[in-house]
Structures are given as structure tokens and as C-alpha cells.
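The lines below spell out each chain.
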Amino acid sequence: LRRLQVLSPGFLPDVGLSGGSLRQAPCSSSPSKQEDSSDLVSVPPHLFRDAPVSSRSQYESLYSQSLGDPDGFWGGEAKCLFWKNPWDADRPVCAYNFDKRKGPIFVEWFRGGYTNVCYNAIDRHVDSGRGNQVAVLWEGNDPRFNARITYSELLRYVCQVANLLRSRGVKKGDRVCIYMPMILELPVAMLACARIGAIHSVVFAGFSAEALSGRILDCQSQVVLTCSAVRRGDKMLLLKEIVDEALQLCSQRSGFSVETCVVYDNETAVPRKNVAWQARDIWWQDAVRECSTSAEVEWMESEEPLFMLYTSGSTGKPKGVLHTVGGYMVYASTTFKYCFAPRKEDIFWCTADCGWITGHTYVVYGPLLNGTTSLVYEGVPAWPHPGRCWEIVDKYKVTAFYTAPTLIRSLQAYDKEHVKKFSRSSLRLLATAGEPINPKAWNWYFDVVGDRRCPILDTWWQTETGGVMLTPLPGAWPLKPGSATLPFFGVEPVVLDQQGKELKGPCEGYLCIRHPWPGIARTIYGDHKRYEETYFSTWLSYYNTGDGCRRDENGYITITGRVDDVINVSGHRISTSEVEAALASHPGCAEVAVVGFPHEVKGEGIYAYIIQMDGHTDRGELIKALKVLARKEIGGFAVPDVLHFVPGLPKTRSGKVMRNILRKIASNRTDLGDTSTLADPAVVSKIISSKM
Ligand code: WTA
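Residues numbered from 1 in each chain as written. Predicted model: local features only at pLDDT ≥ 70, side-chain atom pairs only at ≥ 80, totals over all residues. Heavy atoms only, no water.

### Some remarks on the sheet that holds strand S4 (residues 134–139)
Step number 1: Sheet architecture is open: seven strands sit in the order S5-S4-S17-S16-S18-S19-S20, paired in mixed fashion. Looking at strand neighbours, the two that pair on one side only are strand S5 (146–150) and strand S20 (456–459), the edges of this open sheet. The mean angle between the axes of side-by-side strands here comes to 20°, regardless of whether they run parallel or antiparallel.
Step number 2: Bridge analysis of strand S16 (residues 347–350) against strand S17 (residues 373–377) gives three bridges, and the strand direction is parallel. What sits directly across from isoleucine 347, in S17, is threonine 373. (Pairing = 2+ DSSP bridges. Helix = DSSP H or I, 4+ residues; strand = E, 2+ residues; numbered from the N terminus. Axes fitted to C-alpha atoms, helices over the stretch in contact; angles between N-to-C directions.)

Here is the structure:
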């Protein structure tokens with residue numbers, strides 16, 4: 001608080017922003033100061049007078065209520081939604097065990113309650129007379145193409161697709177794999193699954209055939225929904241070809257064959273006649289046309305699964321993180337309501353692809369559960385010109401813009417004119433998620449994009465958390481560039497030291513969460529043991545986030561990054577061991593070690609150390625082949641930025657690769673620590689000199 005008073009005399013943080021003299025964003029500091037900024041930034045509160053929470057004191061009291069009486073708090077929030085049958089009154093709203101010593105880990109919310117997420121996201125609004133409101137706005141990659149769909153129209157379309165799925169034998173509990181670009185049909189497909197109780201598994205349409213086949217096999221989905229092809233920027237992606245290859249791999253590897261592949265005919269990208277066809281394939285449009293526009297809702301028990309989403313961990317193959325109906329729905333809806341303070345006329349644009357959790361929660365479920373209009377954008381941010389995002393903001397009068405820091409960093413490289421020539425006057429709120437935002441990028445976002453009017457919500461969360469966990473609430477307290485500030489309601493973060501002791505006050509350590517919140521993933525599909533191991537065994541009785549953090553004297557939390565072998569490249573979670581496995585499969589590679597290193601635009605880049613196999617001489621060819629392998633095994637975003645050929649790797653006497661040292665060398669750091677315990681200490685200087 002001391003710092004606050006110094007910077008902003010007369011400002012009382014615990015009574016919100018009313019009264020005090022407002023300090024505007026710093027703008028002329030040197031880069032080093034900006035990178036280490038602890039300055040607090042206030043924004044005019046008038047934009048958020050009607051927000052559900054408008055001051056820190058109001059937050060504090062609601063926050064303590066949410067921790068002191070979680071059943072009361074979450075029960076109250078859940079009642080804002082429709083339940084066919086209320087949850088059991090004679091059981092706690094939340095039952096759980098976070099301590100392996102006491103038995104299996106489990107989390108249950110709203111047991112005995114029956115509801116449906118699709119019903120709540122669409123029918124409820126239509127039934128209350130809001131059917132003519134636009135539910136989804138769609139802007140194509142090509143600026144000439146766009147579409148809009150009202151809640152009533154969306155209901156009819158979703159019902160048709162639900163009926164199509166049912167006609168192909170899909171029923172409650174079945175898995176449906178969705179491999180689609182950001183066309184309107186992607187949210188429609190997700191909602192159709194939710195309506196009939198099928199578990200959707202959206203696979204980002206940038207993953208390779210290899211990665212897709214692994215995900216189809218893991219969840220044994222009988223149906224795949226895809227699209228013939230799509231253009232993103234200048235690039236053409238032949239998605240159906242990738243699916244064909246993936247399905248071939250599925251049958252080669254384990255004799256598994258998908259029964260139905262529904263293909264959306266995207267004639268603007270590729271003519272129908274050019275698409276290879278098999279007996280299992282059907283055209284989306286032809287099949288949908290035949291289906292009725294009304295479809296019964298499958299009422300789901302709160303703890304039945306809603307969707308799964310694959311994400312990378314520090315070891316092994318990607319895990320299918322599973323979310324359930326009741327808890328996820330309540331958490332998506334509640335976080336959206338408090339964080340984005342939606343108004344009826346709001347146009348909400350989250351740039352995330354639905355292939356990631358941010359797209360699930362804040363393109364589809366959060367906005368629609370709140371009856372907001374959500375914008376879906378098919379293309380890439382700086383195409384055909386660097387001002388495209390702001391052009392879209394003006395075109396649709398976007399009120400809130402939610403994106404990844406990597407996008408901010410990439411746009412920052414262009415002249416400000418590309419932003420300034422668009423008015424952006426409709427914007428009230430800016431937000432980021434997915435990776436740390438450095439203060440320099442934060443300040444650019446705040447100054448240049450938001451004209452210092454719009455608060456920035458730096459939201460920290462994970463695929464596993466279902467929704468936002470740490471975030472500022474708009475206008476309720478001063479912001480700090482690079483910090484996600486305070487926990488959301490019902491979330492109790494704890495910071496642990498090496499020994500697992502809870503640290504109090506300002507500190508730095510491992511970020512864990514004490515109690516369950518409704519949005520926490522319940523298991524890893526088909527592997528509950530791995531769920532327990534990954535999240536509940538390092539620190540007993542807490543959920544382990546895998547992130548490190550710092551907490552300041554104001555209680556604000558700043559995420560310092562992953563503490564495991566997961567790297568975050570442009571907001572994509574990648575496991576270093578997955579990249580290693582892909583590269584090591586090449587016969588020219590004797591050994592591989594992959595680490596992250598700071599990258600100006602991507603946040604983190606991929607740095608691969610390679611020991612070349614004796615006798616394999618053509619290094620140029622090998623480099624090309626390794627890049628192809630990473631692309632083929634995982635996807636384009638997993639191609640290493642640096643391939644560094646080294647004579648050896650730093651290992652302990654027991655043979656463990658010292659990644660810490662490799663990370664430091666990759667980041668050009670010289671404080672390598674004690675290297676004398678290495679099996680061969682000389683290898684370090686050899687690696688450094690081979691870098692030159
Ligand atoms: C990182 C994305 C700093 C973090 C929603 C986390 C962040 C991982 C932030 C989860 C943030 C996410 N500041 N780091 N605001 N948000 N992260 O599962 O390391 O794709 O563990 O979920 O991204 O990535 P995921």
C-alpha cells in the first residue's frame with residue numbers, strides 16, 4: 001500500500017476508484033524500468049459503474065463470503081441458470097477430496113442436479129423473448145465474407161446438427177471429435193454435442209494428422225466433424241486431407257475405424273469435386289438440410305461429462321482434460337459475468353481459437369450463457385493488413401477485446417498508425433490470457449489500443465481450471481502491468497516454498513490452489529491415476545498449477561512462468577519431451593534436449609540441442625528433416641526456432657540432463673551455477689563456443 005500512496009496521493013485502494021486522483025499509465029520509462037514495472041495504473045471508473053463489483057472493498061466482502069460459504073455463494077450463482085431438477089438439498093453443494101492420503105481425489109458440484117449447457121446458452125434466451133438478438137457474429141478471413149446468427153436461428157441450426165449426430169448413432173456419453181477452423185459451424189457443433197450429452201473433443205485445426213490420430217484413438221470417437229478446407233491469411237489448409245491421413249493412421253495403428261466423418265463444404269476455399277471421398281464421409285450441408293429444426297434436450301446430471309480437451313503436460317502424451325456439465329457451466333457463466341460485466345448491447349470478441357480452452361469458455365460458453373453477442377473471426381490478426389483487428393473492432397462496434405499477449409507483441413512491431421487510423425471508440429475493456437504479458441506490451445496495449453481508457457484484464461488460468469482464476473475486475477482496483485492481480489471468487493491461491501510450506505505476505509514460490517472451484521477438471525479421460533499424479537502428488541492436499549508466482553505487498557499475484565518442462569509458445573502449451581521425442585525419432589539424431597528461451601514475439605521460443613549421429617554428415621538436410629518431423633508429429637507451432645548442434649549434453653554422473661544449464665545457455669545467461677558436479681564439466685564451454 002505504501003507504493004500506492006506514494007504514486008497516487010489521496011487514493012484509497014480499499015474504497016475503489018471513486019474520489020482519488022487518478023494516475024495514468026507510465027509511458028516514457030526506459031525499457032528496463034518498464035520490464036520491471038511495479039507501477040499501479042488506474043483507469044476512469046465511469047465505464048464500469050454498473051459492473052457487478054465496482055470497488056476493492058466490495059470485492060473483499062464478496063470474496064470472503066465465497067470462501068467462507070462456498071455452498072451459499074456457488075448455489076446462488078447456479079440458481080441464475082436453469083436446472084431441470086435442483087441439486088440434492090441434503091448433500092453439500094461441493095463434495096471433494098484433495099488429499100491422496102485420505103483416498104482417491106474427487107470433486108463433485110451440484111450432485112443430483114439436472115441441467116443442460118446448450119439449453120442454458122440458447123433456449124433460455126429464446127424463451128425469455130431475446131430470440132432476435134444476435135448470438136454470434138462471424139467475420140471471414142476474406143473481409144468480404146461475414147455472417148450473423150440470432151439466438152432463435154442458432155437454436156434451429158444447433159437442433160439440426162444435434163439431430164444429424166443422433167441419426168448417425170451418437171448418444172449421451174459418446175465422444176465426438178471436432179477438427180474445424182473458426183467458422184460459425186464450430187460453435188454450432190460444440191453446442192449440438194452439449195445438447196445431446198455427447199462429449200466434444202475439439203482438436204485445434206493446426207495439429208498434424210499424427211497428433212489428430214492420437215487424440216481420436218485416445219477417446220475412441222466414432223464421429224469426426226471437419227471442413228473441406230480453409231484459408232487463413234494467404235495460406236490454404238486442406239483439413240479434410242489431414243483428417244483422411246489421421247483416420248488412415250488410426251486404422252493402421254490399431255484397427256480403429258471412425259464410422260462417420262461429416263465434412264462442411266467450404267466452397268470458398270476448395271470446390272466440392274476436388275475433395276477425396278470415402279464411404280464414411282457425408283457433406284454437412286446436405287445432411288443438415290434433411291434434419292428437423294427442433295431437438296429434445298438431453299438432461300444431464302451435473303457431474304456427467306461435457307467435453308474433453310487435450311493439453312500438454314511435462315511428460316508423456318497429451319492428456320484429455322475432462323470437464324463436467326454443472327460445475328463448468330456455472331464457472332464459465334459466473335467468471336464471464338464478473339470479469340466482463342456484460343451489457344445487453346455488448347459485442348464481445350475473444351480472438352482465441354475454439355481449439356483451446358479460451359475459445360471454449362470465452363468464445364462459446366461464457367458469452368452465450370450470459371446472452372451476449374460473441375464475435376468469431378476466421379482469419380489471422382495482421383492479414384491483409386496490420387490494422388485488421390481494429391478494422392473489425394470498428395466494423396462490429398466491439399466493446400470487449402480478449403486476446404493473447406503474443407498477438408499484442410506481434411502488432412506492436414508495426415507503426416502505431418495501423419491502430420490509430422481506426423476509431424476503436426466502442427471499446428470499453430481489453431483482456432489477455434494464456435501467457436505472461438511483459439509490461440512493455442501491456443503499456444502498448446493500454447496506451448495505443450485502449451487510449452488509456454480501457455482497463456486490461458490480465459487473466460491467469462489453465463485448461464484444467466475451466467475459467468479465469470486470477471484477474472482484475474474492471475474498474476474495481478488499480479492495475480499493475482504484467483500482474484493478474486487478485487483471485488476470482490471461490491479461488492484460494494497459496495504460495496509454497498521448496499519444502500511445501502505456505503508463504504505469507506509478499507513472497508515468491510510455487511502457485512497452488514487450496515479448495516476446489518466449480519470449473520476444475522474432474523479427471524484425465526481414461527486415466528484418473530495420471531490426474532492424481534499430475535495435480536495432487538507434488539504438494540499434498542493442494543491442486544498444483546505447475547506455475548511459479550510472486551505476490552506483492554498489495555496481495556497482487558504475478559505469474560513467473562511454468563516450473564515444469566512445459567513451455568508456452570505464443571500461448572500454445574507444448575511439452576519439451578514431446579518435441580524431443582519427435583526430433584529423436586530421426587536416425588540422424590543421437591540425442592536431443594529441448595528447452596524454452598525468451599522470444600520477443602512468441603514469449604517463449606523452442607531451442608533444441610542436438611547431438612548428431614556419427615557418420616550422418618549432411619547437416620543442412622538434417623535441419624530440414626527435423627523441422628519437418630516436428631511439424632508432422634505435432635504441428636507447425638512446435639517447429640524449433642533454434643537447432644543447435646552440440647558435441648555433448650551437460651549431465652549429472654547419474655546421467656540426468658541438466659536442463660537448467662541448457663536453459664541458461666539458450667537465454668545467453670552467464671550465471672550457470674556450479675558445473676563441477678557434471679560428469680564432464682568441459683562440455684559446457686564446448687556448447688557455449690559452438691553457439692557462436
Ligand atoms: C500460462 C490458457 C501468465 C500459465 C488459458 C498456465 C499465463 C498456462 C496466463 C495454461 C497469464 C495462462 N499470465 N501466464 N495471464 N494465463 N498462463 O492450459 O503458465 O493453454 O499454466 O490455458 O498458460 O495454458 P492453457
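### Points about the pairing of strand S29 (residues 589–599)
Two faces, one strand: in a regular strand the side chains alternate between the faces of the sheet.
Step number 1: Judged from the ten bridges that link them, S29 and strand S30 (residues 603–612) form a sheet pairing that is antiparallel. Paired with proline 598 across the bridge in S30 is glutamate 604.
Step number 2: Between S29 and S30, which pair antiparallel and follow one another directly, the connecting turn spans three residues.

### With respect to the site of the ligand
Step number 1: Residues in close proximity to the ligand total 16 residues, the closest being Asp458, Thr459, Thr463, Asp547 and Arg573.
Step number 2: Between the ligand and the protein, one listed contact pairs an oxygen atom with a backbone N or O atom of glycine 434 at 3.1 Å.
Step number 3: Within the backbone of threonine 459, an N or O atom sits 2.7 Å from a nitrogen atom of the ligand.
Step number 4: For the ligand, the accessible surface in isolation is 530 Å², of which the surrounding protein chains cover 96%.
Step number 5: At the level of elements, helix H12 (357–369), S20 and strand S26 (557–562) are the ones that each hand at least two residues to the shell around the ligand.
Step number 6: Looking at the shell around the ligand, its residues break down into five nonpolar, six polar and five charged. (Near = heavy atom within 4 Å. Polar contact = N/O pair within 3.5 Å; in protein donor to acceptor, adjacent residues only side chain to side chain. Areas by Shrake-Rupley, 256 points an atom, 1.4 Å probe, with all protein chains shown as cover. Nonpolar A, V, L, I, M, F, W, Y, C, P; charged D, E, K, R; others polar.)

### Considerations on the pattern of salt bridges
Step number 1: Evaluation of the coordinates by the stated rule reveals 43 salt bridges.
Step number 2: As a salt-bridge pair, arginine 56 and glutamate 60 come within 2.9 Å of each other at their nearest N and O atoms. On the criterion of helical spacing, the pair formed by arginine 56 and glutamate 60 is a turn pair, its members being four residues apart in helix H3 (residues 56–68).
Step number 3: One salt bridge connects arginine 272 with aspartate 265, and the closest N-O pair in it is separated by 2.7 Å.
Step number 4: Among the charged side chains, a network of salt bridges with common partners joins Lys240, Asp244, Arg280 and Asp281. (Salt bridge = Lys/Arg side-chain N within 4 Å of Asp/Glu carboxyl O.)

### Topic: the UniProt feature "domain: AMP-binding enzyme C-terminal" (unreviewed entry) in the protein chain
Step number 1: Here the UniProt feature "domain: AMP-binding enzyme C-terminal" (unreviewed entry) sits at residues 578–656.
Step number 2: End C-alpha to end C-alpha, residues 578–656 measures 17 Å, and it is 28% helix and 32% strand. (UniProt positions renumbered as here; feature names shortened; annotations may be inferred.)

### As for the confidence of the model for the protein chain
Step number 1: Chain-level statistics for the protein chain give a pLDDT mean of 91 and a share of 94% at 70 or above.
Step number 2: Here the prediction assigns the complex a pTM of 0.90, and the interface score ipTM is 1.00. (pLDDT = per-residue confidence, 0-100.)

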